Amino acid sequence: MTKYTAVKGMNDCLPPETRKWQALEQLARDTFASYGYSEIRTPIVEKTALFTRSVGETTSIVEKEMYSFVDQGDEALTLRPEGTAPVVRSYIESGMANQHPNAKLYYMGPMFRRERPQKGRYRQFHQIGVEIFGTAAPAADAEMIAMVWDLLDHQLHLPDLALEINSIGCAGCRPEFLRTLETYLASRAEKLCTDCQRRMKKNPMRVLDCKNEKCRELLQDAPSIHEFWCEGCQSHFTEVQAMLKLLHVPYIVNHRIVRGLDYYMRTAFEVITTRLGAQSAVVAGGRYDGLVRQLGGPDVPGVGFAIGEERLMLLLEDAGTLSVKEEQHVCFALLGEAARKALLPVIRELRHHGVSVQWDYEDRSLKAQMKHADKLGAKWVVIVGDEELANKVVQVKTLATGDQETMSIDKLVTYFSEKCS
RNA sequence: GUGGCUGUAGUUCAGUUGGUUAGAACACCUGAUUGUGAUUCAGGGGGUCGUGGGUUCAAGUCCCAUCAGCCACCCCA
């Protein structure tokens, strides 16, 4: 074991793995762009109060999972545990809320939560998220959900995914549901598992989602959120569903879906899978109409989601459906000072034409340079020694076949530009 | 924070009821004469068996502690 190791739950992403991440992120960018979203980049560190206020004082994220510290200027700062609050903060602070209240934004980057790591769950993890501000229309929820379904299903061809949707009510109708639920739970509190007894106090809706068999049986006739929806929530949810149907996005309604963050209301959805061990959600999102105002901005509604990038990568690895274009590169074997002098300008020219070129910095034997080229995975080797120089030619060898041909130096740029385009 | 499983070469692992100098595959390095990789052949380097204690004539193997990794609970993307 080496002396310095990465922090627990924080992993290196090494080549060739990095190429897969680039490919995935590029696909997401292209997809979002086709729906009219723009990228926003916010700092990784925010003032702690931003999260305690938006995410919720009693959520487990705020209570025990945040990487918080006081800096040398006595400011309480936190490594962002999620992406929405910073985007909302920026939306308000930049004046975007006043200038262009309708905004469709996306972001991608690292988030930090101090949990015990396990499969699909890390202390530094990455999310790709989107937010729509300025519209309370159900069409926004539906098209946004359709977009992420497009990305996962149509672009990435992931099998065994399911889209589950729910409405968790609004400030108008949820309180009554919660009161009824709490009364109901209190009446049978002693029979519930210890986890549920704790959940009762903190997040009663979670009790409905307990995996314990006994709890499930006991709660079969528990009140459900849909019995309490106000007219607005009811019609909103109906319209979201209508549009999902119109767009041929398959979904199932699950009234037990809950949100872990306080700011959510109405639409809540998850894309789940059975192939991630104990983790099920790959994507989660919902509507948060009160959040912008709560953070000091105008009363602008919002809706968004976040994709767990590591979880998505695990699925892609499993399904093998992420295609990464294989890079084709050329390796130059330059024998001696004269060859270097003559060919380095050509190499530069090739690179200017977008061809990936490498050469051996060590002035080694041809054998060693061939070996080097093979190890780098080069497709071709261009061999240049005194004999070639004298005739202003090179040897171009294709490694996979072993074929080798003589070519004039002047033709190199056009030859490889075409091959690698 | 709680529980379970696992720590042997760079990597993946084997190591029989404790018993001589701890092995394999792959990777790495060198060579098979002149300027040709991969393939083939012949050699080679590399491990204080996670760490620290203990039991024993003897510990990679048994016991305890500790650390790390993985998985699960809680919770979540």
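Because the structure is predicted, anything quoted here is derived from the model rather than measured.

Conventions adopted
Residues numbered from 1 in each chain as written. Chains lettered and ligands numbered in written order. Predicted model: local features only at pLDDT ≥ 70, side-chain atom pairs only at ≥ 80, totals over all residues. Heavy atoms only, no water. Near = heavy atom within 4 Å. Polar contact = N/O pair within 3.5 Å; in protein donor to acceptor, adjacent residues only side chain to side chain. Helix = DSSP H or I, 4+ residues; strand = E, 2+ residues; numbered from the N terminus. Nonpolar A, V, L, I, M, F, W, Y, C, P; charged D, E, K, R; others polar. Pairing = 2+ DSSP bridges. Axes fitted to C-alpha atoms, helices over the stretch in contact; angles between N-to-C directions. Contact = heavy atoms within 4.5 Å. Parallel < 35°, antiparallel > 145°, perpendicular 65-115°, else oblique. Phe/Tyr/Trp six-rings, centres within 6.5 Å; stacked < 30°, edge-to-face > 60°. Buried < 20%, exposed > 50% of the residue type's maximum accessible area, 1.4 Å probe, protein only. Lys NZ or Arg CZ within 6 Å of the ring centre and 35° of its normal. Patch = residues over 30% accessible without salt bridge, like charges linked within 9 Å, V, L, I, M, F, W, Y side chains within 5 Å. Areas by Shrake-Rupley, 256 points an atom, 1.4 Å probe, with all protein chains shown as cover. Salt bridge = Lys/Arg side-chain N within 4 Å of Asp/Glu carboxyl O. Right-handed = clockwise from strand over helix to strand, strands pointing away.

What surrounds RNA strand B is a group of 44 residues, the closest being Arg113, Arg121, Arg199, Arg206 and Leu399. Per the 4 Å cut-off to the protein, sugar and phosphate atoms form 54% of the nearby atoms of RNA strand B. In this structure, a sugar or linking oxygen belonging to RNA strand B sits 3.0 Å away from a main-chain N or O atom of valine 282. Put simply, the parts of the chain that give the surface near RNA strand B at least two residues each are α3 (60-65), β6 (124-133), α8 (194-202), β10 (281-287), α15 (366-375) and α16 (386-391). Per element, the largest residue contribution to the surface near RNA strand B is six residues, and it comes from α15. Counted by class, the surface near RNA strand B contains 14 nonpolar, nine polar and 21 charged residues.

Quick look at the sheet that holds strand β4 (residues 76-79) now. Spatial strand order, β2-β4-β3: three strands in an open sheet with antiparallel pairing. For this open sheet the edge positions go to β2 (45-47) and β3 (67-70), each flanked by a neighbour on one side alone. Across the sheet, the mean angle from the axis of one strand to that of its neighbour is 35°, orientation sign disregarded. Two strands pair when backbone bridges link them, and β2 and β4 are joined in this way by three bridges, in the antiparallel orientation. From the neighbouring strand, lysine 47 faces β4, where its bridge partner is leucine 77. Seen against the sheet, helix α2 (residues 48-55) touches β2, β3 and β4 and runs at an angle of roughly 75° to β2.

So, on to the packing of helix α1 (residues 17-34) against helix α13 (residues 309-319). When two helices pack together, their arrangement is given by the angle between the helix axes and the distance between those axes. The contact between α1 and α13 brings their axes to 11 Å, and the two run at 105°. One way to sum up the angle between α1 and α13 is to call them roughly perpendicular. Contacts from Glu17, Lys20, Trp21, Leu24 and Glu25 of α1 reach α13 at Glu309, Glu310, Leu312, Met313, Leu316 and Glu317. Broken down by class, the residue content of the contact of α1 with α13 amounts to five nonpolar, no polar and six charged.

This part takes up the packing of aromatic side chains. Centre distance and the angle of the planes are the two values used to describe a pair of aromatic rings. Applying the stated criterion across every chain yields a total of 13 aromatic pairs. Between phenylalanine 32 and tyrosine 37 the ring centres are 6.3 Å apart and the planes differ by 55°, which places this aromatic pair in the tilted class. Grouping residues by exposure puts phenylalanine 32 and tyrosine 37 together as buried. On the numbers, 4.1 Å between centres and 15° between planes, the contact of tyrosine 91 with phenylalanine 133 is stacked. Of this pair, tyrosine 91 sits in helix α4 (residues 84-93) while phenylalanine 133 sits in strand β6, and the two are 42 residues apart along the sequence. Judged by relative accessible area, which is 0%, tyrosine 91 ranks as buried. In this structure an aromatic cluster arises from ring pairing among Tyr91, Phe133, Tyr263, Tyr264 and Tyr288. Its end group placed over the ring of tyrosine 37, lysine 104 keeps NZ or CZ at 5.2 Å from the ring centre. Taking the ring centre of tyrosine 264 as reference, the NZ or CZ of arginine 259 above it sits at 5.7 Å.

The next thing to look at is a nonpolar patch on the surface. Taken together, Ile44, Val45 and Phe69 make up a surface patch of nonpolar side chains, about 210 Å² in accessible area. Locating phenylalanine 69 in the fold gives a position in strand β3.

On to the pairing of strand β12 (residues 329-334). With six of six residues buried, β12 lies mostly within the body of the structure. With burial as the criterion, each face of β12 is covered, one bearing His329, Cys331 and Ala333 and the other bearing Val330, Phe332 and Leu334. Note: β12 against strand β13 (residues 356-359), four bridges, orientation parallel. Bridge pairing in β13 places valine 330 opposite valine 357. You can see the chain leave β12, run along helix α14 (residues 337-352) and come back into β13, and the turn it takes is right-handed. Across five bridges, the pairing between β12 and strand β14 (residues 380-384) is parallel. Residue pairing for β14: valine 330 is matched across the bridge by tryptophan 380.

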